[in-house]
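An overview of the molecular structure
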Amino acid sequence: MPIYNRNSDTETTLLIGDAVEDGCVDYKRRPANRANSGGWRSAYFIIGVEMAERFAYYGIASNLITYLTGPLGQSTATAAENVNILSGTASLLPLLSAFVADSFIGRYRTIVVASVIYVLEFD
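Only a predicted model underlies this, so the values are computations on that prediction, with no experimental measurement involved. Along each chain, residues carry numbers from 1 onward, in the same order as the chain's sequence is written. Only residues with pLDDT of at least 70 get local features here, since the model is predicted, and only at 80 or more are side-chain atom pairs given and counted; chain-wide, interface and lining totals rely on the full set of residues. Side-chain metrics rest on all non-hydrogen atoms present in the structure, leaving aside hydrogens and water.

Focus on the packing of helix 1 (residues 39–69) against helix 2 (residues 76–105)
The axes used here are C-alpha line fits, helices contributing only the stretch in contact, and every angle between their N-to-C directions lies in the interval 0 to 180 degrees. Where helices and strands are cited, they refer to DSSP runs of H or I of at least four residues and of E of at least two residues respectively, numbered from the N terminus. In contact at an axis separation of 8 Å, helix 1 and helix 2 are set at 160° when each is read in the N-to-C sense. Overall, the two elements helix 1 and helix 2 adopt an arrangement that is roughly antiparallel. Every pair of crossing elements has a handedness; the one defined by helix 1 and helix 2 is right-handed. Of the residues in helix 2, those touching helix 1 at Tyr57, Leu64, Ile65, Leu68 and Thr69 are Thr76, Ala79, Ala80, Asn82, Val83, Leu86, Ser87 and Ala90. Here the residues of the contact of helix 1 with helix 2 sort into nine nonpolar, four polar and no charged. Orientation labels follow simple angle bins: below 35 degrees gives roughly parallel, above 145 gives roughly antiparallel, 65 to 115 gives roughly perpendicular, and whatever is left gives oblique. The hand of a helix crossing depends on one turn: near helix anticlockwise from the far one by less than a right angle means left-handed, and clockwise means right-handed. Contact criterion: two residues are considered in contact whenever any of their non-hydrogen atoms come within 4.5 Å of each other. Amino acids are sorted into nonpolar (Ala, Val, Leu, Ile, Met, Phe, Trp, Tyr, Cys and Pro), charged (Asp, Glu, Lys and Arg) and polar (every other residue, Gly among them).

Spelled out as structure tokens, the structure:
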């Protein structure tokens, strides 16, 4: 069932069942089939990566002051400053990642690249 955009004379198709919307492609540049792409399969991947990231972050953050003041010999003030810098950086990097994902490499590749960097950083 075609519908028409009020702001232009172009025709847009509705996504119904196995219908393919004009111009939508999958990661291999094939026409995207709505029934077989996206949805919960992709959501499980994102949720799993985010859960692993949160476990890693809080596991490291909880012991970081002790590590910085003990084996590294930093003062408590310097250690607290470094932990705050790590926390602020971890909070602001999603803005940079969103820009990179939207402008250059796509959301799934950005998640994979960020996950690999995160694992290598704390490994």
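Having seen the model, we can carry on.
Observations regarding the pattern of salt bridges
In the sections that follow, a salt bridge refers to a side-chain nitrogen of Lys or Arg positioned within 4 Å of a carboxyl oxygen of Asp or Glu. On inspection of all chains with the given rule, the structure shows one salt bridge. Between glutamate 53 and arginine 54 there is a salt bridge; the shortest N-O distance is 2.8 Å. For arginine 54, a relative accessible area of 33% gives the class partly exposed. Think of it in three bands: residues with accessible area under 20% of the maximum for their type are buried, residues over 50% are exposed, and the middle band is partly exposed, with areas taken using a 1.4 Å probe on protein chains only.

Focus on the environment of tyrosine 67
Positionally, tyrosine 67 belongs in helix 1. When its relative accessible area of 44% is taken as the criterion, tyrosine 67 is described as partly exposed. Along the chain, tyrosine 67 and alanine 79 lie 12 residues apart, while their C-alpha atoms are 8.8 Å from each other.

Points about the side chain of glutamate 53
Secondary-structure assignment places glutamate 53 in helix 1. Glutamate 53 sits in the buried class, given a relative accessible area of 17%. Polar contacts here mean pairs of N or O atoms no more than 3.5 Å apart (in protein, one a potential hydrogen donor and the other a potential acceptor; neighbouring residues in sequence count only if both atoms are side-chain atoms). Looking at glutamate 53, its side chain comes within polar contact range of the side chain of arginine 54, at 2.8 Å.

Here we look at a nonpolar patch on the surface
Together, Leu93, Leu96, Phe99, Phe104, Ile105, Val113 and Ile117 give the surface a local cluster of nonpolar side chains, amounting to about 690 Å² of exposed area. Contributing elements (two or more residues each) for the nonpolar patch: helix 2 and helix 3 (107–121). Its location among the elements puts phenylalanine 104 in helix 2. Exposure remark for phenylalanine 104: the relative accessible area of 62% places this residue in the exposed category. Patch membership needs two things, relative accessible area over 30% and no salt bridge, and members are linked within 9 Å if like-charged or within 5 Å if nonpolar (Val, Leu, Ile, Met, Phe, Trp, Tyr). Only the protein chains shown count as cover for residues, and all accessible areas are computed by the Shrake-Rupley method using a 1.4 Å probe.

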